[in-house]
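Structural overview for review
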Amino acid sequence: MTSFSPLKMLPLLLPAAFLIIPIVLLIPKHRELMDSPYLYTFKTGFIGILLEALPFVLAGALLSSVIGVFVADETITRWVPRQALPALLFACLLGVIFPICECGMIPLVRRLLRKGMPLHVGIAFILAGPILNPIVFSATLTAFRSHPSLAYARMGLAFAVSLIIGLIVYATVKRSPLRLSMQRGDEELHHEALNGGKLAAVFTHAADDFFEMGKYLILGCLLTSLIQTFVVQSSLASIGGRPLGSYLFMMGFAFILSLCSTSDAFVASSFAHSFPSGSLLAFMVLGPMLDFKNAMMLMSLFKTRFALYLFFLIASTVFTGAILLSGWL
Amino acid sequence: MMYSTVSVKRHYLFRAAVLLAFAVYIEHLAQYDALHYYVTPKLAVWVRLCPVPLSFMALSLAVQALFGRSSAICGCGHQLPRSRSGSAAMYSVFLLPLLLGFALPDRALGSAAAAHKGMSLNYSSLVPKESARFQTSDPFAAEFAALAKKLYSQPVIPVFPQIFSETLGTLDRFKHDFEGKEASVSGFLYRENTGSMGGRFAVSRFLVQCCTADATPIGILVNAKQQKSLPADTWIKVRGKLQVIVYKGKETLQIDAESVTPIEESSTPYVYTSPDAVEEWDQLLRSVK
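What you see is a predicted model, and the numbers here were worked out from it, not measured in a lab.

**Let's talk about the overall build of chain B**
Across its full length, chain B holds nine helices and six strands. A total of 289 residues make up chain B; the buried ones form 54% of that total. In chain B, the share of contacts with a sequence separation of at least 24, taken over all contacts with a separation of at least 6, comes to 73%. For chain B, the accessible surface area stands at approximately 12700 Å², while carbon and sulfur atoms represent 57% of it.

**Digging into the pairing of strand β5 (residues 235–247) of chain B**
All names here are of chain B. The pairing of strand β2 (residues 182–190) with β5 spans seven bridges and is classified as antiparallel. The residue of β5 that forms the bridge with A183 is G240. Where β5 and strand β6 (residues 250–262) come together, twelve bridges link them in antiparallel fashion. Considered in β6, the bridge of V238 is made with V260. Between β5 and β6, which pair antiparallel one after the other, the connecting turn spans two residues, and K248 there sits at a positive phi close to 50 degrees.

**Some remarks on helix α7 (residues 134–143) of chain A**
Residue and element names in this part refer to chain A. All buried positions along α7 are accounted for by V136, A139, T140 and A143. An end-on view of α7 places all buried positions within 100 degrees of arc, on one side of the element. In this fold, the buried residues of α7 make contact with α8 (149–172), α12 (264–269) and α13 (277–289). Looking at where α7 begins, the residue whose side-chain oxygen comes 3.1 Å from the main-chain nitrogen of V136 is N133.

**So, helix α11 (residues 243–257) of chain A**
Between the first and last C-alpha of α11(A) there are 21 Å, a value that for 15 residues agrees with the 21 Å anticipated at 1.5 Å per step. Regarding α11(A), the residues found buried are A:G245, A:S246, A:Y247, A:F249, A:M250, A:M251, A:F253, A:A254, A:I256 and A:L257.

**Digging into the confidence of the model for chain B**
Taken over all residues, the pLDDT of chain B has a mean of 82, while the share at 70 or more is 87%. As a predicted assembly, this complex carries a pTM of 0.78 together with an ipTM value of 0.85.

**What about the pattern of salt bridges?**
Enumeration over the complete set of coordinates arrives at seven salt bridges over all chains. A salt bridge links B:D106 to A:K43; the shortest N-O distance between them is 3.2 Å. Of this pair, B:D106 sits in the loop between α4 (84–103) and α5 (111–117) while A:K43 sits in helix α2 (residues 36–70), on two different chains. A relative accessible area of 1% means that A:K43 is categorised as buried. Taking the shortest distance from any N to any O, the salt bridge between A:D209 and A:R111 comes out at 3.7 Å.

**Quick word on the domain arrangement of chain B**
Residues and elements named next belong to chain B. In terms of domains, chain B is made up of domain 1 (5–103) and domain 2 (111–288). Each partner contributes residues to the interface: domain 1 has seven residues there, and domain 2 has eleven residues. Three residues, H36, Y37 and T40, lead the burial of domain 1 against domain 2; their summed loss comes to 65% of the area buried on that side. Here domain 1 is connected to domain 2 by zero salt bridges. The interface formed by domain 1 and domain 2 holds three residue pairs in polar contact (both at pLDDT 80 or more) in total. Tallied by class, the residues present in the side of domain 1 that touches domain 2 amount to five nonpolar, two polar and no charged.

**Some remarks on a nonpolar patch on the surface**
Taken together, the side chains of A:L85, A:L89 and A:L167 present a nonpolar region at the surface, about 230 Å² in accessible area. Tracing the backbone through its elements, the reader meets A:L85 in helix α4 (residues 84–97).

**What to know about the nonpolar core**
A:F283 and A:F302 are the most contacted members of the largest nonpolar core, which totals 162 residues. At 13 residues, α2(A) tops the list of elements feeding residues into this core. Structurally, this core is a two-domain feature, drawing no fewer than three residues from each of domain 1 (5–103) and domain 2 (111–288) of chain B. Apart from the residues lying within four places of it in its own chain, the contact partners of A:F302 are A:L113, A:L119, A:I123, A:P177, A:L178, A:R179, A:A307 and A:L310. By size, the runner-up hydrophobic cluster in this structure holds 38 residues, among which are B:A145, B:L151, B:V203 and B:V244.

**Overview of the packing of helix α9 (residues 197–230) of chain A against helix α3 (residues 51–67) of chain B**
Interhelical geometry of α9(A) versus α3(B) gives an angle of 105 degrees and a closest axis separation of 8 Å. Comparing their axes, α3(B) and α9(A) come out roughly perpendicular. Contacts between α9(A) and α3(B) involve A:A200, A:F203, A:T204, A:A206, A:A207 and A:F210 on the former and, on the latter, B:P53, B:F56, B:M57, B:S60, B:L61 and B:Q64. Partitioning the contact of α9(A) with α3(B) into residue classes produces nine nonpolar, three polar and no charged.

**Let's talk about the packing of aromatic side chains**
To describe a pair of aromatic rings, you give the distance between the ring centres and the angle between the ring planes. All names here are of chain A. Counted according to the given criterion, the structure contains 21 aromatic pairs over all chains. Between F42 and F46, the ring centres sit 5.6 Å apart and the planes meet at 5 degrees, which makes this aromatic pair stacked. Placement of both F42 and F46 in helix α2 is noted, with a separation of four residues, approximately one turn of the helix. When the ring of F253 is compared with that of F283, the centres are 6.2 Å apart and the planes differ by 35 degrees; the resulting orientation is tilted. Here F253, found in helix α11, pairs with F283, found in helix α13; they are 30 residues apart in sequence, far enough to count as distant.

**Quick notes on the confidence of the model for chain A**
Low-pLDDT stretches of the model should not have their predicted coordinates read in fine detail. Residues and elements named next belong to chain A. Of the residues in chain A, 80% reach a pLDDT of 70 or more, and the chain-wide mean stands at 77. Taking the mean pLDDT of every element in chain A, the minimum, 54, falls on helix α1 (residues 6–26) and the maximum, 91, on α8. Across residues 1–6 the pLDDT falls below 50, and counting only partners more than four positions away or on other chains, this stretch makes nine contacts in the model. Every residue in residues 183–192 scores below 50 in pLDDT, and together they form 26 contacts with partners more than four places removed in sequence or on other chains.

**Thoughts on the packing of α9(A) against helix α14 (residues 292–301) of chain A**
All names here are of chain A. Two elements in contact, α9 and α14, have axes whose closest approach is 8 Å; the angle formed by their N-to-C orientations is 150 degrees. If you check the angle between α9 and α14, you find them roughly antiparallel. At the point where α9 passes α14, the crossing takes the right-handed sense. For the pair α9 and α14, contact is made by M213, Y216, L217, L219, G220, C221, L223, T224 and I227 and by F292, K293, M296, M297 and S300, respectively. Among the residues making up the contact of α9 with α14, the classes are represented as ten nonpolar, three polar and one charged.

About the thresholds
- Residues numbered from 1 in each chain as written.
- Chains lettered and ligands numbered in written order.
- Predicted model: local features only at pLDDT ≥ 70, side-chain atom pairs only at ≥ 80, totals over all residues.
- Heavy atoms only, no water.
- Helix = DSSP H or I, 4+ residues; strand = E, 2+ residues; numbered from the N terminus.
- Buried < 20%, exposed > 50% of the residue type's maximum accessible area, 1.4 Å probe, protein only.
- Contact = heavy atoms within 4.5 Å.
- Areas by Shrake-Rupley, 256 points an atom, 1.4 Å probe, with all protein chains shown as cover.
- Pairing = 2+ DSSP bridges.
- Arc of directions from axis to C-beta.
- Polar contact = N/O pair within 3.5 Å; in protein donor to acceptor, adjacent residues only side chain to side chain.
- Expected span 1.5 Å × (residues − 1).
- pLDDT = per-residue confidence, 0-100.
- Salt bridge = Lys/Arg side-chain N within 4 Å of Asp/Glu carboxyl O.
- Domains from an automatic or database assignment.
- Buried area = accessible area lost by both parts, 1.4 Å probe.
- Nonpolar A, V, L, I, M, F, W, Y, C, P; charged D, E, K, R; others polar.
- Patch = residues over 30% accessible without salt bridge, like charges linked within 9 Å, V, L, I, M, F, W, Y side chains within 5 Å.
- Core = buried A, V, L, I, M, F, W, Y, C linked by side-chain atoms within 4.5 Å.
- Axes fitted to C-alpha atoms, helices over the stretch in contact; angles between N-to-C directions.
- Parallel < 35°, antiparallel > 145°, perpendicular 65-115°, else oblique.
- Phe/Tyr/Trp six-rings, centres within 6.5 Å; stacked < 30°, edge-to-face > 60°.
- Left-handed = near helix turned anticlockwise from the far one by under 90°.

And the structure:
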């Protein structure tokens, strides 16, 4: 790595940052784009999603670095059951104790994996945590007051999907799919050597986590708000007219909207007259597990091949599960 | 991966500045009471706390960069960009929201966003016919029925922003019972580009559950005799008799406007859901009197 002074870096950074705005503006070549309503809609959406996620990302980063600094590796290994099935059940119910939404989940799980939590347990926790918790359950119940079975179905399906994917990962993945730099062994938090002791170490590592996750988060927010600004939602809805099409449409919609798991039920309920309940279920289970924002964050954690394998598993299991459950709803 | 101590220190300093800038931006939004353009008041409480950890993080990074012993600093387990263009790309991602935030004034969502998200004018398409007025066998609609009775007793039904979605939902649910009653509502003017609304427009608000990503525009049709040419996004107060018409194949409630008055944009442009609309209504009515 060549050495260069900060002053040399500055002139390069500023134009790069300013360039982004014209690039963003010129992607779809619409003339009305230069009209300010689009720019303001984009800005309000973008900053809105970012501010919404920020407290959760910070909480996740702080919690993960507290665990990193204060909790010994053996503790995690001792807590997680040895056998696969009890361990997965444990992971699925962990969300009840840590009601963190998906943005905070990924830095936390990353730390736990590095501390020696088995991969299948970590995956089940990432998938189940954002849905199987009391906050999301009560929000879903409120949104579907006239249709409470959907709230129970959401919890049930999320549990089943996390368990099944955890088992598949346990059975099929033998080599660590973590990105090289994230693997265990690199990790040694020599906090004693840092100025200011353990407290400073917590904040320093939280800041590192914030920058690592933050770039994916911001890119995810950027894409989501571009889509929200330029795609007419009713034109999408006509694609979902056919019975199976509605499932695929609602799943795709969950992916591009990147809503928080506490608010997506309200959005789903606004589609209640025009879409079958099964597809709403698919929307509410897939969204928190897999969307633009957290797909980006998962890519930072896992090697691309494993991440794509995981995306495929999530999408197919949710799709099958929602169709099976639709008979009961 | 080894990094030279100098370059790690420089990254830390720059990161400290970015974190501090985020803290300042949030503080700035809170100072100017602008957080409500982006998130709900409930969530704003949490966002407002963010500058605290952000500043501590910035401070500890700066301390490590300025006073840290070089042996203590390395890129352990954390990726730092390897090249100059890599760092430039990475940090511009973080500067983008800051630039947008500071450079453009805060503005609430309006007609352009409503057109893309799709305006809701109907709320309950599957309501079973009930025999008696404001009676319902559906336990989940009991709140609507209770609110309906209170609304009906008013000479002019006010649509309070605090219970905007609940009130419109109630009026829509019992639309035939409310036909002929007078109502008054304020919001921004929304007009469909396709011209399918005829001479009509809608008076609308964005309902926000969590943040602007889940904002949904809800409104009520207005048949205006005057002020027809007001531009979209004008804030208006509409008063007139409620009537049921067939719009796009659905029975829809509309206000046959006696008056349409342009007003100042509300200081809280979005509306939120209320945990208990009936209780909220009683309080609002007391405070109006």
